[in-house]
Each structure stands twice: as C-alpha cells, then as structure tokens.
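Letter by letter, the chains look like this.
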Amino acid sequence: MQRLDMKQLLSQKLSPQQIQFIKLLQIPTAELEARIKEELEANPALEEGEDEADDAEDQEREDDADDTEDFDDPDAEFDNPDNTLEEDFDNDTQIEEQPEIDLSAKDEPSEQGEASNDDLDLSDYLNDDEIAGYKMQGDGPGEDEDDREMPLADTSGSLIDSLIDQLGFADLDEKQEAIGRQLIGSIDNDGYIRRDLSAIANDLAFSQNIEAAVPEIEAVLHLVQSFDPPGIGARDLQECLLLQLERRPQDEVTEHAERILNETFDEFTKKHYQRIQQRLDLEDDELKEAIALILKLNPKPGGSGPVGGGKVQYIIPDFILTNDNGVFNLTLNSRNAPDLRVSPAYTDMFRAYDKGSKKDKKLKEAVTFVKQKLDSAKWFIDAIRQRQNTLLRTMDAIVRYQREFFQDGDESKLRPMILKDIAQEINMDISTVSRVANSKSVQTEFGIYPLKYFFSEGIATDSGEDASSREVKHILKEIIEGEKKDRPLSDDKLEKMLNARGYNIARRTVAKYREQLNIPVARLRKEL
C-alpha cells in the first residue's frame, strides 16, 4: 500500500565557497603552491599579479580621500545583482552572488547563500565533478585528512637502484641475476630481508616461472650481503651486526665483539654485561672496547649513505617570527602570500559579450562560461586572503599566549595550552584552530617548531598552578641525562624526584612521558 508522508527537516549545509576555504586553510605551504598552480592552469580568468583595481583605488584615495564616487571597479558589472544576464537569458543560467566566507566552519551560511543552495548537499558537492569553474582535483576530503603529515622535500636517491647497479657488476648468469633482483626487491626500508627464503622461492616460481632451491637463493643472498652499505640484506639484527664486523680489520677488539654477538646475543640485548663477562672470560677493558665497537655499528643499514632509504628532509615553515628587542614581528612565508587577481582581459571580454546580441545562443554560452570563470577566480582569491588572515590571527594568539617561550626558547617556560584557549582568544571555532595547527610550522630564532608543539596538557603543581607537560618532559629529560650511567634511575625514583620538585605526577605518567621522549627503561640505559 502506497502512502504519502510529509516530514519537516532542518539541516545545516556548507556553501562551495566555505568548503574551498576549509580545504585551503588546512594545507601547508608546500601543498598551497601546487594548489594555486593547479587553479591557475584550470581557470584562465585567474592570473598572478597585483589587482589593478586595488592599485587604482589606492591611487584615487591618495588624490582625493573624500571623493570615491568616480572609482570604476572593473568587476562591478558582473557583481551587479541587476546585471542583464539573468533576465535577458530567461533565467536559464542561475549565477549565485558571492557570499562572504565565514572563518568558522560551524557558522550557518548566509540567507542568500542558503536560498540559492537549497539543493546543495555536502556529499553531493564533494562527489560532483561538474561544478564549472570551481571543483578541483583534491578538494574532496580524504579519509585521513585531519591527520595530514607535514610535507618534506625528499633529496635522497634510491637504495634499490644502487643495489641493482652493484648487481650488474657481479659475474652472474641469467637465473642468478633474476634471483638477485628478487632478493633486492624484498629488502625493506631498514635494509633487511625479513621474508623466508622458501617464500621468495615461491615468488620466483609463480611470478617469473623460475625454479630455484633455497641453497641457490642463499648463495646469491650472500653476494647481495657483500654490497654497500655494509649489513644490507641481513635477515635479523644479529646477522646485520656480524656482517658489518666482517668488513672491519680483524683485530682483538673485533674478535671479542663477534664472540659477544655469536655466543651471548640475548644477554647483550638485555645489557647483562656481568653475565657476558663471566661466560666469555673478558677483562673490564676488553668488554668495554668490544661493546663500544658494537654500539658504533648501524642497526638499520637501509637508512645510511647518500643512496640509502633515509631521506634528507627539509621543512618549509609557514610562519617566520623574529624578535626585535622584545617586539615580535610575525609574517607569513612569502610563498604563502601569492599575488593573484582577476584577469582584466576576461573582465573586458565579459563587458563586450554583455553588450552584444542577447538572442545569439553561442554568445549566451560564452557569457555564461566567462561569468563562471570570473566568479570562480574571485572566490579563490577571497579564500586565499581569508586563509592568510586566519593563519596570522591564530599564530599571533599563540605567540601572545607563549610569549615567555618565544623570548628565549626555554622549553620549561611553555604554558599549558589547548585548542580551546586559542579558539576563545580569536573568537573562532576549535575545528578552525585545529586546521591551522595541523601540519603547519613556524621558524623562530631557536629553530623550526610545528604548531602542535605549543599545545600541551597541564600538570598540577604544589603551588596550585598548572605546568605544561612540555615543561615536565624537559625536566624529566634533564634528570635522565644527569643520572649515573652505571646506575640509571628507575621510573619510581624519577617519580619521587619530580614530586620533590613540586610536580604532582604518577609513575605511569612518568613512564608515558619517558616513552614519548624515546628514552628506554633504566635497565636498557645502563652503560659500563
């Protein structure tokens, strides 16, 4: 049985301009350059350079501050709501007025935007590739968009390419070379081959129709392990360290180091040095020299050398903060403040088309296309400007909140600060501050810091004030660095020392902070 139901529904939707602003706000400088380049290529009405209209307006204000009525805005014709385009074309093409982009994503769209976007749904918009002049590749959200990684420039070569080149100099037949390539392809980022040789034999059989026994594969593996960097192609840490020792001069220290790894590897990993000394009958000096040699070896050969898997990375700061005798000067990275303008040629083209015949269908399509591109260019420019404004407001609030830290770079002077504190300071939504803080960084006189670095939880103190967790971590690190290496401090002792300094902290919190600082437990910090 069919029936008709009437339902009243209230929903909140974002306009395309707001979505574009949100997308631009959360991308860092490195991605912004590519995004602007992409928009410039897709929209001929957008071009680089200062806005001629702004220059003309500034000049006119200088000549006569009180007389602004004669100012001729080149965009006035296609911004005019009484423009003849709609009525002369019988409302075939509806062009929205450009709404003001709100800095907070939680605010409701304007009445005008809501009226012209009744049928606009966020999911429909993100999946619609037909929004002329606006929809661009990459505007849709990804699943892990909120956890963006900071983009880093990669200047490294390829470890695999280097190993393939070395394989080419070896005297191998066709089958052995295929096995060698398969082995090299199985090396992970750390430089290890963690797959069983029997599994690699199966790969060769199924993918390349090559039947190879495990001993054949192992013979080629030994050859690959002789390549640079030393230790490459090892199947575990013990083999990796032994491969590196084999290339060193075979003196007494190297011999002792090899015995430690071969006979007492488990004790070595647990730093049970007394057991090692008893089992191998080594003197104190002999044990110290052998352990010191082993600690100099590289446990991850895949990340070493100019062609290794390790990457030489450079962070591009989004902000530059300087201290001029106590006065902080905050600026955006020059790449973050591009000069964009609406193309005067397209503006003139729109005027010419608008004065032409209104009955020509081809002319009608041309006018529609030009106006869409002009509107899209204006939206993009406004989104860039609001992005810059939001970034500066947020970073300025952070600098004022953490002023003591920025004066001398002392980590212990960081105040507890959460996203809500900055959001209230600049009167914006927490989600907006989160987008600014995510994957952005600032260059100071003390180094480059990610914005997330300045946000931390508070720890109660005896004085009644909260201390930043960064401050507690800094003090914890200083205590551990100053401990006796032969008798490292346990988490219980660290807890008591922090409590004695006035920080009310539990042992499990000490352990959590120690792990976040990548500091091992006391037993593994012990040195001879």
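This section reports on the structure supplied with the text. (Residues numbered from 1 in each chain as written. Predicted model: local features only at pLDDT ≥ 70, side-chain atom pairs only at ≥ 80, totals over all residues. Heavy atoms only, no water.)

Of regular secondary structure, the chain possesses 25 helices and 10 strands. By the burial criterion, 41% of the 528 residues in the chain qualify as buried. Per element, the accessible surface of the chain, about 30100 Å² overall, is 45% carbon and sulfur. (Helix = DSSP H or I, 4+ residues; strand = E, 2+ residues; numbered from the N terminus. Buried < 20%, exposed > 50% of the residue type's maximum accessible area, 1.4 Å probe, protein only. Areas by Shrake-Rupley, 256 points an atom, 1.4 Å probe, with all protein chains shown as cover.)

Attention shifts here to a negative patch on the surface. There is a patch of like negative charges on the surface, built from Asp-251, Glu-252, Glu-255, Asp-281, Glu-283, Asp-284, Asp-285 and Glu-289. Of all the secondary structure elements, the ones that give two or more residues to the negative patch are helix H13 (252-263) and helix H16 (284-295). Top element by residues in the negative patch is H16. It accounts for three residues. Position of Glu-252 among the secondary structure elements: in helix H13. (Patch = residues over 30% accessible without salt bridge, like charges linked within 9 Å, V, L, I, M, F, W, Y side chains within 5 Å. Salt bridge = Lys/Arg side-chain N within 4 Å of Asp/Glu carboxyl O. Lys, Arg positive; Asp, Glu negative; His and termini not counted. Charge placed at Lys NZ, Arg CZ, Asp CG, Glu CD.)

Right, let's get into the environment of Ala-170. By the secondary structure assignment, Ala-170 is in the loop between helix H8 (159-168) and helix H9 (174-185). Residue Ala-170 is classed as partly exposed on the basis of its relative accessible area of 22%. For the pair Ala-170 and Leu-223, spaced 53 residues apart in the sequence, the C-alpha separation amounts to 8.6 Å.

As a packed pair, helix H10 (residues 197-208) and helix H11 (residues 214-224) sit with axes 9 Å apart at the nearest point and diverge in direction by 100°. Put simply, H10 runs roughly perpendicular to H11. For the pair H10 and H11, the contacting residues are Leu-197, Ser-198, Ile-200, Ala-201 and Leu-204 in the first and Val-214, Ile-217, Glu-218 and Leu-221 in the second. Tallied by class, residues from the contact of H10 with H11 come to seven nonpolar, one polar and one charged. (Axes fitted to C-alpha atoms, helices over the stretch in contact; angles between N-to-C directions. Parallel < 35°, antiparallel > 145°, perpendicular 65-115°, else oblique. Contact = heavy atoms within 4.5 Å. Nonpolar A, V, L, I, M, F, W, Y, C, P; charged D, E, K, R; others polar.)

With mixed pairing, the four strands of this open sheet are ordered in space as S5-S4-S7-S8. Each edge of the open sheet is held by one strand with a lone partner, namely strand S5 (327-332) and strand S8 (447-450). For this sheet, the mean inter-axis angle between neighbouring strands, taken without regard to orientation, is 25°. Note: strand S4 (residues 319-324) against strand S7 (residues 441-444), two bridges, orientation parallel. Bridged to Ile-320 within S7 is Gln-443. Across the sheet, helix H18 (residues 361-401) touches S4, S5 and S7, and the angle it forms with S5 is around 150°. (Pairing = 2+ DSSP bridges.)

Inspection of the entire model under this criterion finds 19 salt bridges. Between Glu-177 and Arg-181 there is a salt bridge, with its nearest N and O atoms 3.7 Å apart. Here Arg-181 and Glu-177 lie together in helix H9, a separation of four residues that amounts to about one turn.

Another aspect to go through is the pairing of S8. Sheet topology places S7 next to S8; four bridges connect them, and they run antiparallel. Bridge pairing in S8 links Thr-444 to Gly-447. Taking the residues between adjacent antiparallel strands as the criterion, S7 and S8 are bridged by two residues.

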